[in-house]
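For reference, the chains in residue letters:
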Amino acid sequence: PAVAQFGLIQQGLDAVTSGKKAAEPAGSAGSAAKGGSGGGAVLASDTTYKNPARGFEFTIPAGWKLESGDPASESVLFMKPGTTWGFQFHLERMVPSFPRKASVDASLKQAKEMVGINKYLEAKRRDDGGAKKKCGVIGWEIVEAPQKNDFQRIIWQAYDGENYYMNFMAHSENKDFAAARPVLRQIMDSIKFCR
């Protein structure tokens, strides 16, 4: 079952590495923003966004900007201008028969083995939202070791009761990860379901 999501993970990897090429991608942000370079707007204050369709919210710090997508849609990318720091998510519905619990169990087992061979720094189970069918999720989270593609990430992958696969990623280039990690962790920890 864990193999089923590898194509989705690759989409996320491709999105991160393509973001590396675009120092100033086009985009727009919400009302709590001031003008910034690259056609977007820089957030003037910490801003909480909601994704009502999937029942979650997250907070992006002041000084970041929306580069592409829509927080209420199935994909979005935020970046901190002048850095390689970013946050994105991608959502995709799986078929009704997809074995989400078996996938989480197998993926977490593999992730813990990756910690043992130093490909990941951490791997843990991460569920949120309780037993509510629509908005509660089951999943796992990893923190990568420095990667050959020059990006290091915190990744939370989860499934909700309607078999939506969700991939949340906070990332930076390897050289920036130690400095970025507290803020990336803050963003990842701000993701809450059933709010």
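Residues numbered from 1 in each chain as written. Predicted model: local features only at pLDDT ≥ 70, side-chain atom pairs only at ≥ 80, totals over all residues. Heavy atoms only, no water.

This next bit is on the environment of Arg54. Turning to its location among the elements, Arg54 is positioned in the loop between strand 3 (47–51) and strand 4 (56–60). Its relative accessible area of 6% is what places Arg54 among the buried residues. Measuring from C-alpha to C-alpha, the distance between Arg54 and Ala72 comes to 8.7 Å, with 18 residues separating the pair along the chain. (Helix = DSSP H or I, 4+ residues; strand = E, 2+ residues; numbered from the N terminus. Buried < 20%, exposed > 50% of the residue type's maximum accessible area, 1.4 Å probe, protein only.)

For the rest of this paragraph, the subject is the nonpolar core. Within the largest apolar cluster, 31 residues are counted, with the highest numbers of intra-cluster contacts made by Phe58, Ile60, Phe78, Phe87, Phe168, Ile191 and Phe193. Of all the secondary structure elements, the ones that give two or more residues to this core are strand 4, strand 6 (75–79), strand 7 (86–93), strand 9 (137–144), strand 10 (151–160), strand 11 (164–173) and helix 3 (177–190). Looking at which element gives the most residues to this core, the answer is helix 3, with 5 residues. Not counting chain neighbours up to four residues away, the residues in contact with Phe168 comprise Phe56, Phe87, Gln88, Phe89, Ile154, Ile155, Trp156, Met188, Ile191 and Phe193. Membership of the second largest hydrophobic core comes to 14 residues, among which are Met94, Ala123, Trp140 and Tyr159. (Core = buried A, V, L, I, M, F, W, Y, C linked by side-chain atoms within 4.5 Å. Contact = heavy atoms within 4.5 Å.)

Function-wise, these values are silent; they only describe arrangement.
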